[in-house]
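Observations on chain architecture
What follows is each chain in one-letter form.
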Amino acid sequence: MGKRAKGKPAGKPAAPVDYYDLKTQAVEDLVTANEDNSLPVSAAELRKYRSTPNIRLADWVKALLLKLWTGGMICYFFIWGLSTFTLNQWDHLFVLGIAMGAVTHLITNNILRFIAPTRGAYDRWMMFPDGRLWFLPLDILYALLLVFCTVLTYNGINLLFAGGAENAAPALGVEPILFGVIVTLWDLLFLGIKRLVGRMLQDARRKVDAGRMNG
């Protein structure tokens with residue numbers, strides 16, 4: 001009788017593994033998964049699967065830097081870049097507003113949506129968070145307002161330095177960094193007003209609803 005190999009206990013041989021046994025139900029669940037039939041996942045859990053840099057910036061810092069970059073880029077390409085062309089001042093400002101509104105709607109706001117940890121997390125940093133194309137005219141009108149306020153700011157500062165003399169040479173020239181700062185400050189002011197008005201309307205609606213319930 002042959003000897004049994006050392007280290008191998010006697011018993012039934014292991015059942016063969018079926019490597020081709022597909023879990024069809026799991027595949028079906030994965031294919032048909034959407035927001036309606038999926039379990040909610042916390043923001044902390046989602047952050048585990050996001051590739052993040054070693055230096056983490058607060059949400060407001062990211063939004064602020066992006067807005068500063070947008071304003072500076074618009075100044076560089078559409079103020080410095082068009083300075084060699086002979087344009088009426090108001091035509092130049094109109095072109096500037098259209099460019100800023102288009103860039104804000106098509107690029108800046110989409111970047112904010114892409115880097116947001118959860119859907120809608122950066123909506124508070126956009127005047128018109130809706131990304132549909134027919135909101136583009138609203139972004140352009142808002143950008144024209146920002147450009148107008150920025151021009152008034154430059155004129156006011158130069159008049160202040162000139163002591164009120166209108167024909168004096170401007171003490172403060174237009175350059176990308178300061179232009180981006182001024183545009184961003186006006187943008188933050190209007191966004192703050194929007195949030196304040198929104199909270200006031202919500203409080204008024206709650207009071208009306210409470211009055212109806214008590215009545």
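Residues numbered from 1 in each chain as written. Predicted model: local features only at pLDDT ≥ 70, side-chain atom pairs only at ≥ 80, totals over all residues. Heavy atoms only, no water.

Notes on empty space enclosed by the protein
To be explicit about the condition: Whether a set of points on the 1 Å grid over the protein atoms alone is a cavity depends on a 1.4 Å probe fitting there but being unable to get out, while an open set qualifies as a pocket with protein on both sides within 12 Å along at least five of seven lines; lining residues are those with an atom within 4 Å of a point. Grid points are joined across faces, edges and corners, and a volume is the space filled by probe spheres set on the points. Where helices and strands are cited, they refer to DSSP runs of H or I of at least four residues and of E of at least two residues respectively, numbered from the N terminus. Each residue gets one of three labels, nonpolar for Ala, Val, Leu, Ile, Met, Phe, Trp, Tyr, Cys and Pro, charged for Asp, Glu, Lys and Arg, and polar for the others, Gly among them.
All told, the structure shown has one cavity of 30 Å³ or more when counted by the stated rule. Taken as a whole, the largest cavity encloses approximately 220 Å³ of empty space. Forming the boundary of the largest cavity are 19 residues, of which Lys67, Thr104, Tyr142, Leu146 and Asp187 lie nearest the centre. For the lining of the largest cavity, the secondary structure elements donating two or more residues are helix H3 (59-80), helix H4 (89-115), helix H5 (136-161) and helix H6 (176-214). If you tally residues by element for the lining of the largest cavity, the top one is H4, at five residues. Among the residues forming the lining of the largest cavity, the class breakdown is nine nonpolar, seven polar and three charged.

Focus on the confidence of the model for the protein
Test applied: Confidence scores labelled pLDDT are given residue by residue by the predictor and lie between 0 and 100.
Per-chain confidence: the protein averages 82 in pLDDT, with 73% of residues scoring 70 or above. Element-level pLDDT for the protein is lowest in helix H2 (residues 43-47), with a mean of 65, against a maximum mean of 93 in H5.

Focus: the side chain of threonine 150
Note the cut-off: For the exposure calls, accessible area comes from a 1.4 Å probe over protein chains only, and a residue counts as buried if that area is under 20% of its type's maximum, exposed if over 50%, partly exposed in between. Contacts are assigned to residue pairs that have any heavy atoms within 4.5 Å of one another.
Summarising the element assignment, threonine 150 is placed in helix H5. Residue threonine 150 is classed as buried on the basis of its relative accessible area, which comes to 1%. If near-sequence neighbours (up to four positions away) are discounted, threonine 150 is found in contact with Phe179, Ile182, Val183 and Trp186.

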